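Geometric and topological summary
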Number of protein chains: 2
Amino acid sequence: MKGPLRVAVLGAGTVGREVVRAILERPESLRLADGPGVVLAGVAVRDLGRAIAGGIPESLLTDAPAHLVAAPETDVIVELMGGDEPARTLIAAALANGTSVVTANKHVMAHHGPALEAIARRTGAALRFEASVGGGIPVLGPIAHELAANRIDAVRGIVNGTTNFILSAMASDGRAYGDVLADAQRAGYAEADPRGDVEGDDAANKLVVLARQAFGRWLSVGSIGRAPSLASGELGLPGITGVTIEDIAAAAARGFAIKLVAQAVRAQNGVAAAVVPSAVTLASALGRTDGVLNRIEVDGVPVGRVAFAGPGAGGAATSSAVLGDIIAIARGAGSSWAGRSATTSLEDALDLAADETFDAPSGARYPVIR
Amino acid sequence: MKGPLRVAVLGAGTVGREVVRAILERPESLRLADGPGVVLAGVAVRDLGRAIAGGIPESLLTDAPAHLVAAPETDVIVELMGGDEPARTLIAAALANGTSVVTANKHVMAHHGPALEAIARRTGAALRFEASVGGGIPVLGPIAHELAANRIDAVRGIVNGTTNFILSAMASDGRAYGDVLADAQRAGYAEADPRGDVEGDDAANKLVVLARQAFGRWLSVGSIGRAPSLASGELGLPGITGVTIEDIAAAAARGFAIKLVAQAVRAQNGVAAAVVPSAVTLASALGRTDGVLNRIEVDGVPVGRVAFAGPGAGGAATSSAVLGDIIAIARGAGSSWAGRSATTSLEDALDLAADETFDAPSGARYPVIR
């Protein structure tokens, strides 16, 4: 019998704190009948004093994440620092060592997915990233497992809570984008620099990860359009930054809600994808996904359309997916892509043309999704 | 390298036909990177002539399912006959032989789950039953895997398409139960003997399976209440058979829809469970789950509430779950309960008390679920 899995956590922010707490306070919940238990080997943080004040035992702490990655006794690296570097280098180093990695980092997966998948396949280390899409909502696992026999034709969803909160508040309160954004920043739903959310980058990152799982292809994140067309033929402002309350009111009068929808569709020569504000029927499930909820729909043959919904962000919810991935590694379940075909090359997304548009007062031509 | 998995299918009805067709016509979709392929070893049917006319090669057909179960070269038995016997005996015999079993049979799992789990655990054969709840919607797998680190506190849902179709049609058309049922029978949405659906047995069977997965306990299906209380203190008619259009109209006037909700909740001394018509907010996701759609919600800590929705029945959709289970066995993924705690004993469900009721014109006191 192998001993417990030794887990090192990099980053003790909103998600990291919850993961550390779960491993320390309820390790029995991570010890399943068919796998070894889990112990915390160390926690790397930027600010040691704050982590100690937050209740993480000093003996576990370090401000040198590379040491935890290099330690031969570490079985799993849990990367929860977010952002590009040093996360990318640390993940790559762990995988190159043969150490398995769990990450919630959609930026790194979307921008460096092919390279990281190549390393993981070469060394046999597991790379798991369920938490990178939809927070605690199971979606990558079900695509790879329960839906494994399907040909997936489309994935679409509302995958960014910040923009959905802003659009929902604009619609319900009739207040302007800038006002609601400022409120969201004060309430902690939007960051001080909100561009990654409101311009659609975060949703595009998640769409790249979803598309890899659904279609077995890594899309170049930069190739994914994230601005609606204008009546003039030019491109509008990216993400939700050009959506006005007049647009929302005019859409509502036609029975539509405006939502930031990330969508990728199987096409003849590749995958067509976009992250743009879209007109969805008010009465539809996407139209009624309000506030910080996420909803992801998967169209497959033979299954038809299945949907996954729930809290797409937040430390506690996201920790559920991270902990589930740690348990999966303890069980020897391998990488998130499971039996989905290998892909370590990068390709551009094709344009996702709309069959029907809603031409809004601002001049934006929002695609209609029924 | 082990050869392909030899699969024998028992039953070629709505689901069986789709499973057989998939294995014969697109075997490559069942051959994943990390597992062997799948071949069809045989198909057992009651009516050989009809199966041949339906396009199944005569060389694969038999009317003796026990021969396929006993054949030493069969790796997996896929039981899609439905009902109690002979399905129960055939599943038990296969598991006792060490042959893995995939089934969509909620009746057998709900009534004989503890005994079948005991045999599977003794011989090490895998027993998988994703298709027994929610048709093609992934739900048992996600509870066991992506949500493995959670303490599940409740599972609830609309899990019977026939009753939901009838209630939806009564609400939208203002027509009486008997009329809508007769239409549903003509359209093939309800069986000639509809009692298993309309009296709540089918939903109770599915709730037993969901509760096993969520709580690690097998509930006695007969102990699950399936009739609303009446104002008189007595029990009303079972399932939806006592729901009137007056009840639905009065509920709508108060902002509620009447839905047949199956619910199981963690309690101090066990699991409280019921399958009763319930008043759910019209604007809620359950309230808006209409027609033959299913929706299953899972409340867990730390995840919060996640939901799974889609087509809960139909041959094509359900075949997705069956085929996913076959692939899982090819990968060596074991039984549907995965690391969830072992349980081979039976216990009674506790009463599920409602905090709030909607007292309907018929005298029924429908629990309110907000």
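Values in this document were obtained by computation on a predicted structure and should not be read as measured data. (Residues numbered from 1 in each chain as written. Chains lettered and ligands numbered in written order. Predicted model: local features only at pLDDT ≥ 70, side-chain atom pairs only at ≥ 80, totals over all residues. Heavy atoms only, no water.)

Quick look at the environment of A:A231 now. All names here are of chain A. Along the polypeptide, A231 turns up in the loop between β9 (229-230) and α11 (245-253). Take A231: its relative accessible area is 51%, and that puts it in the exposed class. Separated by 129 residues in the primary sequence, A231 and A360 have C-alpha atoms spaced 9.0 Å apart. For A231, the contacting residues outside a window of four places in its chain are G363 and R365. (Helix = DSSP H or I, 4+ residues; strand = E, 2+ residues; numbered from the N terminus. Buried < 20%, exposed > 50% of the residue type's maximum accessible area, 1.4 Å probe, protein only. Contact = heavy atoms within 4.5 Å.)

Think of interface size as the accessible area that goes away when the parts come together; that is how it is often given. Between chain A and chain B, the contact holds 41 residues from the first and 41 residues from the second. Sorting the residues of chain A by area buried against chain B places A:E146, A:A149 and A:P302 first, and these three jointly supply 20% of that buried surface. Between chain A and chain B we count zero salt bridges in total. Remark: the boundary between chain A and chain B carries 12 residue pairs in polar contact (both at pLDDT 80 or more). Within the residue set of the side of chain A that touches chain B, elements represented by two or more residues are α6 (140-144), β13 (304-311) and α12 (315-330) of chain A. Each residue belonging to the side of chain A that touches chain B can be placed in one class, and the counts come to 23 nonpolar, 10 polar and eight charged. Pairing analysis gives three bridges linking β13(A) to strand β13 (residues 304-311) of chain B, with the strands arranged antiparallel. (Buried area = accessible area lost by both parts, 1.4 Å probe. Salt bridge = Lys/Arg side-chain N within 4 Å of Asp/Glu carboxyl O. Polar contact = N/O pair within 3.5 Å; in protein donor to acceptor, adjacent residues only side chain to side chain. Nonpolar A, V, L, I, M, F, W, Y, C, P; charged D, E, K, R; others polar. Pairing = 2+ DSSP bridges.)

All names here are of chain A. As a packed pair, helix α1 (residues 14-25) and α12 sit with axes 8 Å apart at the nearest point and diverge in direction by 55°. Compared by their axis directions, α1 and α12 come out oblique. Both α1 and α12 take part in a crossing whose hand is right-handed. The segment α1 lies against α12, with T14, V15, E18, V19, A22 and I23 engaging G315, A316, T318, S319, V322, L323 and I326. For the contact of α1 with α12, the class distribution of residues is eight nonpolar, four polar and one charged. (Axes fitted to C-alpha atoms, helices over the stretch in contact; angles between N-to-C directions. Parallel < 35°, antiparallel > 145°, perpendicular 65-115°, else oblique. Left-handed = near helix turned anticlockwise from the far one by under 90°.)

Residue and element names in this part refer to chain A. Evaluation of the coordinates by the stated rule reveals seven aromatic pairs over all chains. Geometrically, the ring pair formed by F165 and Y189 is tilted, given 4.5 Å between the ring centres and 45° between the ring planes. Residue F165 is found in helix α7 (residues 161-173), and its partner Y189 is found in the loop between α8 (177-187) and α9 (195-198); the two are separated by 24 residues along the sequence. (Phe/Tyr/Trp six-rings, centres within 6.5 Å; stacked < 30°, edge-to-face > 60°.)

Further remarks concern the sheet that holds strand β6 (residues 127-128) of chain A. Think of a sheet as strands paired side by side through backbone hydrogen bonds, with each pair either parallel or antiparallel. Residues and elements named next belong to chain A. Spatially, the six strands line up as an open sheet ordered β3-β2-β1-β4-β5-β6, and their pairing is parallel. The sheet terminates laterally at β3 (61-62) and β6, the two strands that pair on one side only. Both strand β1 (residues 5-10) and strand β4 (residues 76-79) contribute to a ladder of four bridges, which runs parallel. When the bridges of β4 are listed, A8 appears paired with I77. On the sheet, helix α4 (residues 87-97) packs against β1, β4, β5 (100-103) and β6 and is oriented at approximately 150° with respect to β5.

All names here are of chain A. Looking at chain A, the domain boundaries give domain 1 (5-128) and domain 2 (147-311 + 347-369). The C-alpha-based centres of domain 1 and domain 2 are spaced at 31 Å. The partner domain 2 presents nine residues to the nine residues of domain 1 that form the contact. Here domain 1 and domain 2 share an interface that buries about 720 Å² over both sides, 64% of which is from carbon and sulfur atoms. When the buried area of domain 1 at its contact with domain 2 is split by residue, K106, A110 and E117 rank highest and sum to 59% of it. Our enumeration of links across domain 1 and domain 2 arrives at two salt bridges. We note a salt bridge from E117 to R212, for which the minimum N-O separation is 2.9 Å. Inspection of the region where domain 1 meets domain 2 yields two residue pairs in polar contact (both at pLDDT 80 or more). Looking at the side of domain 1 that touches domain 2 residue by residue, the classes come out as three nonpolar, three polar and three charged. (Domains from an automatic or database assignment.)

Residue and element names in this part refer to chain B. Here we have six strands laid out as an open sheet, ordered β3-β2-β1-β4-β5-β6, and parallel in their pairing. Edge positions in the sheet fall to β3 (61-62) and β6 (127-128), since each of these pairs with one other strand and no more. As judged from the two bridges shared by strand β5 (residues 100-103) and β6, these two strands associate in the parallel manner. Counterpart to V102 in the pairing with β6 is R128. Sitting on the sheet, helix α1 (residues 14-25) touches β1 (5-10) and β2 (38-44), and the angle it makes with β2 is about 145°. Relative to the sheet, helix α12 (residues 315-330) contacts β1, β2, β4 (76-79), β5 and β6, its axis offset from that of β5 by approximately 165°.

A word on α4(A). All names here are of chain A. Every buried residue of α4 is accounted for by A87, L90, I91, A92, A94 and L95. Of the surrounding elements, those touching the buried residues of α4 are β1, α3 (65-70), β4, β5, α5 (106-123) and β6. Once α4 finishes, G98 follows within two positions and takes phi at roughly 85°, a positive value.

Turning to the pairing of β5(B), a few remarks are in order. Regular strands show a simple pattern: their side chains alternate between the two faces of the sheet. Residue and element names in this part refer to chain B. Side chains S100 and V102 project from β5 onto one buried face, and the interleaved V101 and T103 project onto a second face that is buried too. Relative to β5, β4 runs parallel, the two sharing four bridges. In the sheet register, V78 faces β5, and the bridge partner there is V102. Following the chain from β4 across helix α4 (residues 87-97) to the adjacent parallel β5, one finds a crossover that is right-handed. Each parallel crossover has a hand, and the one from β5 via helix α5 (residues 106-123) to β6 is right-handed. (Right-handed = clockwise from strand over helix to strand, strands pointing away.)

To continue, consider the side chain of B:R226. Residue and element names in this part refer to chain B. Looking at the element boundaries, R226 is found in the loop between β8 (218-219) and β9 (229-230). Looking at R226, the relative accessible area reads 18%, which means it is buried. Here D201 takes part through its side chain, which lies 2.5 Å from a polar atom of the side chain of R226. Within the structure, R226 has its side chain in polar contact with the backbone oxygen of I224 (distance 3.4 Å). The contacts of R226, once residues within four sequence positions are left out, are E199, G200, D201, A204, V221, L237, P238, G239, V275 and V276.

Right, let's talk about α12(B) for a bit. Residue and element names in this part refer to chain B. Compared with the 22 Å implied by 1.5 Å per residue over 16 residues, the 22 Å span of α12 between its first and last C-alpha is a close match. Across the 16 residues of α12, 15 count as buried, placing the element largely inside the fold. Looking one or two residues past α12, G332 carries a phi angle of roughly 75°, positive in sign. (Expected span 1.5 Å × (residues − 1).)

Here the focus is the nonpolar core. A:L127 and B:L127 are the most contacted members of the largest nonpolar core, which totals 158 residues. Beyond its immediate sequence surroundings of up to four residues, A:L127 is in contact with A:I91, A:L95, A:V101, A:T103, A:M109, A:L116, A:E117, A:A120, A:S335, A:S336 and A:W337. With 34 residues, the next largest nonpolar core counts A:A22, A:V45, A:A321 and A:I329 among its residues. (Core = buried A, V, L, I, M, F, W, Y, C linked by side-chain atoms within 4.5 Å.)

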